[in-house]
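The residues making up each chain are set out below.
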Amino acid sequence: MAFIYDEPSRTFGEYLLVPNLTTKECVPSNVDLTAPLVRFKPDGSEPNPKLSPLTINVPVTSAMMQSVSGAELAIALARVGGICFVFCSQPIEEQVAMVRQVKNYKAGFVVSNSNLKPEASLADVLALTERTGHSTVAITENGAPDGKFLGIITSRDYRLGYTSLDTPVSEMMTPFRSIHCGQVGIDLRGANDLIWKHKLNCLPVIDAQQHLAYLVFRKDHDAHQEHPLENVDNEKRLIVGAAINSRDYKERVPALMDAGADILCIDSSDGYSEWQRDTIEFVKSRYAGRGFVGAGNVVDREGFLYLVEAGADFVKVGIGGGSICITREQKGIGRGQASSVIEVARARDEYFQKTGVYVPICSDGGISQDYHMTLALAMGADFVMVGRYFARFDEAPGRKVRINNQFMKEYWGEGSNRARNWQRYDHGDEPGKKKGTMEFEEGVDSYVPYAGKLKDNLEVTLAKVRSTMCNCGALNLRQLMTRARLSLASAVSIHEGGVHDVVLKDVRGTPGEV
């Protein structure tokens, strides 16, 4: 007969954290939320996340969904310390364009991708700025990003409706002789010093032959001061991930790597499969040393070990726990998210003790309250992946609509007929089955209450996480995993923890009160 687990399948809502001693140093400003994103081999017995080749400054990632992870949300999330995995249920060239948009958004030293020759016209300038969204265009002798630098043109150099569209760039641009430049080899601090000294908005960096190497923007320095936790690479470009599937990975992966994706992740409802192993092995063999790839999803020890031994850099945990996922209803497949995370975290720690290699795990799904994030981290997840949470924000791709006098955002699952992400649920080529089709839904099309800007909301959520960690006597995520104490909560105790036995005031329209 089938194997039957003795313990029931538990969810985050069934647990509460028990406070530990809060020392005087345990204040939210001292809490470090750095999390490892990919596998690493620590020097000692304790896995320090900062030894991971790729880290995130806050342990939050966005779900690989059409209604969540577009370029705009990827930029916003990276700027506050997390990472977005751009969805793959779209043509390869469109996903590549999103990844490039994130990588080109901002940086310390930017390789210019808005360039023209001096013979170009104002019409060419307007077409280029419309396509790239950049207001600064570098003028080089051959129109290449590393060509001989001749000048710069910005919106201050022409008047729309007054300057003729046929006007050559050479007549409008600020010429090289009038521009302050930095030399190749200058560091970011030195570049910013020149920007402030000469009151510049943009500093071109050139080599000894006057060839353009980089542009450094004043606004990037200002933006960094406002976003101290932003995730950037060695070139100060925002970090971004990209989803892939186990069907067209041989074409999709090279395109995404060329576009600058920092990490990949296989998008599948059930990751315990030979297709995932093939995909991981392709990435690892083709991009050894720099091709980071996460895999999943799994819910137990066996699934975790299978993917880790295949070479996965992190493993996603959770099946059927998402708010728009109906996999459990349709197929009876899945497990309570808390039970899944606890078992996989134990397997991860056993694997670390045995091999010395630490493989991060990501809790994906089952989070309906902010404190569930802290519970997932306490149970052993290195970071969490959320969809509904981010779908509520301005930066998410879904439309904002008004329903019953309340603003809502569209939110649909990858297994819904709207997304039709058949690669995520496909079981391979089967006789008699039409390729590229879904036989039944595993997700729904829905709305979520509109919540405003990502940064404003995530800062509140992370404030709760930091405060709770202090209650547990933990100043970093590893301490939370090892020191946290959890208790199962009865239905009555859960009721007791909410508002009860009172009549709430409706203060929304009360004049003279705050």
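Remember, predicted model here, so these are calculated numbers, not experimental data. (Residues numbered from 1 in each chain as written. Predicted model: local features only at pLDDT ≥ 70, side-chain atom pairs only at ≥ 80, totals over all residues. Heavy atoms only, no water.)

(A) Local environment of the overall build of the chain. The number of helices and strands found in the chain is 17 helices and 22 strands. What you see for the chain is a C-alpha radius of gyration of 25 Å, in line with the 24 Å of a compact globule of 514 residues. Its C-alpha atoms put the chain at 80 × 70 × 55 Å along the principal axes. Within the chain, the fraction of its 514 residues that count as buried is 53%. Taking the intrachain contacts of the chain between residues at least 6 apart in sequence as the baseline, contacts between residues at least 24 apart amount to 66%. A total accessible area of about 24900 Å² is found for the chain, and carbon and sulfur atoms account for 49% of it. (Helix = DSSP H or I, 4+ residues; strand = E, 2+ residues; numbered from the N terminus. Rg over C-alpha atoms; globule rule 2.2 N^0.38 Å. Buried < 20%, exposed > 50% of the residue type's maximum accessible area, 1.4 Å probe, protein only. Contact = heavy atoms within 4.5 Å. Areas by Shrake-Rupley, 256 points an atom, 1.4 Å probe, with all protein chains shown as cover.)

(B) The arrangement of the environment of Val240 in detail. Within the element layout of this structure, Val240 appears in the loop between α6 (218-226) and β13 (241-244). Those residues within four positions of Val240 in sequence are excluded, and the remaining contacts are Ala74, Ile83, Cys84, Val86, Val99, Val102, Lys103, Ala261, Asp262 and Ile263.

(C) Layout of the sheet that holds strand β19 (residues 400-403). Sheet architecture is open: three strands sit in the order β19-β20-β21, paired in antiparallel fashion. Taken across any chain shown, the strands that pair with only one partner, and hence form the sheet edges, are β19 and β21 (445-449). Between one strand and the next, the sheet's axes are offset by a mean angle of 45°, whatever the strand orientation. Judged from the four bridges that link them, β19 and strand β20 (residues 406-412) form a sheet pairing that is antiparallel. (Pairing = 2+ DSSP bridges. Axes fitted to C-alpha atoms, helices over the stretch in contact; angles between N-to-C directions.)

(D) Region of the structure containing the sheet that holds strand β18 (residues 383-386). An order of β4-β5-β13-β14-β15-β16-β17-β18 is seen for the eight strands of this closed barrel, with the pairing classed as parallel. Strand-to-strand twist across the sheet, computed as the mean angle between neighbouring axes with direction ignored, equals 30°. Note: strand β17 (residues 361-364) against β18, three bridges, orientation parallel. Bridging across to β18, Ser363 finds its partner in Val384. Sitting on the sheet, helix α11 (residues 337-355) is in contact with β15 (293-298), β16 (314-317) and β17, with an inclination near 175° to β17.

(E) Local environment of the state of the cysteines. Applying the stated criterion across every chain yields a total of zero disulfides. There is no disulfide at Cys202, and the cysteine sulfur nearest it, in Cys181, is 9.0 Å away. (Disulfide = S-S within 2.5 Å.)

(F) Quick look at the packing of aromatic side chains. On inspection of all chains with the given rule, the structure shows 11 aromatic pairs. Note on Tyr249 and Phe282: the rings are 5.4 Å apart at their centroids and 65° apart in plane angle, and the pair reads as edge-to-face. Of this pair, Tyr249 sits in helix α7 (residues 249-259) while Phe282 sits in helix α8 (residues 274-286), and the two are 33 residues apart along the sequence. For Tyr249, a relative accessible area of 11% gives the class buried. Given the relative accessible area of 15%, Phe282 is considered buried. Aromatic side chains Phe390 and Phe393 sit 6.1 Å apart centroid to centroid with 75° between the ring planes, which places their arrangement in the edge-to-face category. In this pair, the class of Phe390 matches that of Phe393, namely buried. Connected via pairs of aromatic rings, a cluster forms that spans Phe40, Phe352 and Tyr358. The cationic tip of Arg335 hangs over the ring face of Tyr5; the distance from NZ or CZ to the ring centre is 4.5 Å. Its guanidinium or amino end placed over the ring of Phe407, Lys400 lies 5.1 Å from that ring's centre, counting from NZ or CZ. (Phe/Tyr/Trp six-rings, centres within 6.5 Å; stacked < 30°, edge-to-face > 60°. Lys NZ or Arg CZ within 6 Å of the ring centre and 35° of its normal.)

(G) A look at the packing of helix α1 (residues 71-79) against helix α2 (residues 92-103). Contact geometry of α1 with α2 gives a least axis separation of 9 Å together with a crossing angle of 30°. Crossing geometry of α1 relative to α2 is assigned as right-handed. Within the contact between the two elements, α1 uses Ala71, Ala74 and Ile75 and α2 uses Met98, Gln101 and Val102. Partitioning the contact of α1 with α2 into residue classes produces five nonpolar, one polar and no charged. (Left-handed = near helix turned anticlockwise from the far one by under 90°. Nonpolar A, V, L, I, M, F, W, Y, C, P; charged D, E, K, R; others polar.)

(H) Looking closely at the pattern of salt bridges. Summed over all chains, the structure comprises 21 salt bridges. Between Asp233 and Arg237 there is a salt bridge, with its nearest N and O atoms 3.0 Å apart. Given the relative accessible area of 14%, Asp233 is considered buried. It is possible to trace a salt-bridge network through shared partners that takes in Lys103, Asp233, Arg237 and Asp262. (Salt bridge = Lys/Arg side-chain N within 4 Å of Asp/Glu carboxyl O.)

(I) Structural detail: a nonpolar patch on the surface. A cluster of nonpolar side chains, namely Val499, Val502 and Leu504, defines an oily patch on the protein surface of about 340 Å² accessible area. Mapping Leu504 onto the fold places it in the segment after α17 (491-496). Classification of Leu504 by relative accessible area gives exposed; the value is 65%. (Patch = residues over 30% accessible without salt bridge, like charges linked within 9 Å, V, L, I, M, F, W, Y side chains within 5 Å.)

(J) Local environment of unusual backbone geometry. Residue Asn297 is bonded to the preceding Gly296 through a cis peptide linkage, with omega at 15°. Mapped onto the fold, Asn297 is located in strand β15. Here the phi dihedral of Lys199 falls at roughly 55°; this positive angle occurs in a residue that is not glycine. Along the polypeptide, Lys199 turns up in the loop between α5 (188-197) and β11 (202-206).

(K) Geometry of the packing of α7 against α8. Axis separation between α7 and α8 bottoms out at 11 Å; the angle between their running directions is 40°. Compared by their axis directions, α7 and α8 come out oblique. Both α7 and α8 take part in a crossing whose hand is right-handed. Of the residues in α8, those in contact with Tyr249, Lys250, Val253 and Pro254 of α7 are Asp278, Thr279, Phe282, Val283 and Arg286. Here the contact of α7 with α8 is composed, by residue class, of five nonpolar, one polar and three charged. (Parallel < 35°, antiparallel > 145°, perpendicular 65-115°, else oblique.)

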